[in-house]
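Structural characterization, general
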Amino acid sequence: MRYLYLIILTIMLGIRSFSYNVDDYIFFNKALEANKKEDYKNSLFYYEIYQKNFPYSYPLTSNYAKYYIAKNYMDMKKYDEALLFFSRAVYVPESYVKQELKKTNYFQYRRDYNVAKIYQLKNDKNRSIEYYKRLVTDYYDPQLEPYEKKALKILEKTNEKYRYIYEIKYQNNLKLIDKLDKNELSNLANYFYEKKEYEKTVEILDKLGSYNEKKVNQKIIYLESLLKLDENKKVIELTKDARVGEANFLFIRAVAYEQNKDYSRAIYNYEKIQDIKFKDRAAFRIGRIYYKIEDYDKAKEVIEKVTQKNERIDSLLLDVYIKLQNRKKFMELYVEFKNKYPENSNTGLYYMVYTKLMEKDSNSWQLANYNIFYASNYVVRNYVNSITDFEIKNTYKEEVLRDALTQIGALKNPELLELAVQSNNFDLDTETIQDKITIMNSYIDSKFYKESFKKVKTFKREFYRYRNLLHYVYPKYYREEVQNTRKKYLVPQSLIYTIMYIESGFDNENDKFERVGLMGIPKKLIKNKDEYYYNPQINIETGTEILKKIYDKHNGMILKTLIEYIYGEKVLKGLNFELDGDLKLETIVDEKFQTEIEEIVYTYAFYSAIYN
């Protein structure tokens, strides 16, 4: 028996002494810090010991550390050693691997720029130019921008066309487009199209010749840019010869008719589409039109025939069943929908209808007749009240794990914390909600708000199911700054947080689509350098001042205030509002824009429901 007690005591002591070793992260960070202080010899000393003592450290095996080791050699002017480490591999972030469309890797940009610079210092002009050219692209990425600017300034000494590209991209000097060849103009058109600067896209593509002289991909972005500019008649005229086999052009032509509210011709063109890639999209648009004109039977007929269902089609079908008061069909599809798309903004509405049907409420279908703003606020409040709390278990293992991640977070390097979360060195099971909470808390405790916001997007599906986890999805970062500003300008705090959520994702150095900082202040309105507005207090103060003017102009109507702040007055005027300032979503033709408006409205509703 005493022997058994001894075994149990040994196991218990083993459990209590359980810990995670973070020495490799701490040691690696010492090398990083020494490099920042320009103490390159000590930095190299730390790197060498780090590689020797921690050969299986995740920053090293993932190639992350190799970039910084190479950079330190570069700073020491040991260029051959630097090139060796730069050439071994490039760190590939998890977010890069998961990108479905264009691949953009910030680490690749930095590596290419430094390699180009080394070859320049070694007087290897050809290799240097080769790497600088890699940084001049036909797509828009804010992270690439500072490196592309530097590359263009160096390349302009070899060819004047790079000066023209620089001035067109970064100084808005479109007068120079006459000096570039068709290939460069095509690249610039793609760049401005991705940057959502559609007028510039059209102007540049016009320089490539007549519509018929353009390549297929150029015609598509030209037509889609015209659609964004509401040039529907021009689109219709240009696509009049579109044939049945040209699905992309028929689709664009149909959208132009739809935007002109010529629904019969829109449907006619959608129905001509046979290409499998566009056929389901076309059926969805036809269903939306019938739904909009309140021909719900026809909408049901069209949508039910779609073979490859998706989230948007199923959501529209549920809306149709509600309008037709088809209890059986609605109940069947709802159960499937809520399991597949729990984070869909309409799930709350469907849940309310489902609950009322189960309770045999005589007004079960009535809620779906409300417009978006009223319905979303009502639904979200009821949804939040209906879900339960998650039972958070602060086990010893979780405490130790959180302590390890907090130690890494204390190094004030969010990239290191992200590496720790990705690595197998810590007993993290990202399939469990408990470990997801631990990960989120480590980001928040370290005040890595931008990274925290990005991380929670991968956890939303589970967090939406529990009331006490919703604050992770809709966080209140920068509380003190928001409180001070809210009191000064007398606007709802949910309004300020919704703007930050949508505009920047709580990235205080946000610089996308000509908008700066936490609240996405338009560059045309700022009076100082962009960096001045990276300061959270200054940005929130400036953004709320702009917000207050719009809020007062619309007499406190939240939806109009949000749309004008985010999209501008011109977009707002193009929408059909009710007298109470609410909006019927089905009146919006652009399905992507409709989805964006839904997200904005539900974001505001959740902030109001969770915190008020």
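Relevant structure appears above.
About the thresholds
Residues numbered from 1 in each chain as written. Predicted model: local features only at pLDDT ≥ 70, side-chain atom pairs only at ≥ 80, totals over all residues. Heavy atoms only, no water. Helix = DSSP H or I, 4+ residues; strand = E, 2+ residues; numbered from the N terminus. Rg over C-alpha atoms; globule rule 2.2 N^0.38 Å. Buried < 20%, exposed > 50% of the residue type's maximum accessible area, 1.4 Å probe, protein only. Contact = heavy atoms within 4.5 Å. Areas by Shrake-Rupley, 256 points an atom, 1.4 Å probe, with all protein chains shown as cover. Lys, Arg positive; Asp, Glu negative; His and termini not counted. Charge placed at Lys NZ, Arg CZ, Asp CG, Glu CD. Salt bridge = Lys/Arg side-chain N within 4 Å of Asp/Glu carboxyl O.

**A word on the overall build of the protein**
For the protein, the count of helices and strands is 35 helices and three strands. For the protein, the C-alpha radius of gyration of 28 Å lies close to 25 Å, the compact-globule estimate for 612 residues. Among the 612 residues that make up the protein, the fraction classed as buried is 52%. Taking as baseline every contact in the protein between residues at least 6 positions apart, the subset at least 24 positions apart corresponds to 56%. Carbon and sulfur atoms make up 48% of the accessible area of the protein, which amounts to about 31,000 Å² in all. On the protein, the mean spot of the 102 positive side-chain charges and the mean spot of the 91 negative ones are 1 Å from each other.

**Structural notes on the environment of Lys41**
Note that Lys41 resides in helix H3 (residues 40-53). You can call Lys41 exposed: its relative accessible area is 69%. The spacing of Lys41 and Met76 is 35 residues in sequence and 7.8 Å in space, taken between C-alpha atoms.

**Re the pattern of salt bridges**
One pass over the structure, following the stated rule, counts 39 salt bridges. The shortest N-O distance in the salt bridge between Arg127 and Glu130 comes to 3.6 Å. One end of the pair, Arg127, and the other, Glu130, are both in helix H9 (residues 125-134), three residues apart, so they sit about a helical turn from each other. For Arg402, the salt bridge identified is with Asp445, shortest N-O distance 2.5 Å. Placement of Arg402 in helix H24 (residues 396-409) and of Asp445 in helix H26 (residues 433-445) is noted, with a sequence separation of 43 residues between them. Given the relative accessible area of 31%, Arg402 is considered partly exposed. Exposure remark for Asp445: the relative accessible area of 40% places this residue in the partly exposed category.

**Observations concerning unusual backbone geometry**
The phi torsion at Glu38 lies on the positive side, around 65°, for a residue other than glycine. Residues other than glycine seldom take positive phi values, yet Phe506 does so here, at roughly 65°. Position of Phe506 relative to the elements: it lies in the loop between helix H31 (493-503) and strand E1 (511-512).

All quantities given are derived from atomic positions and should not be read as evidence of function.
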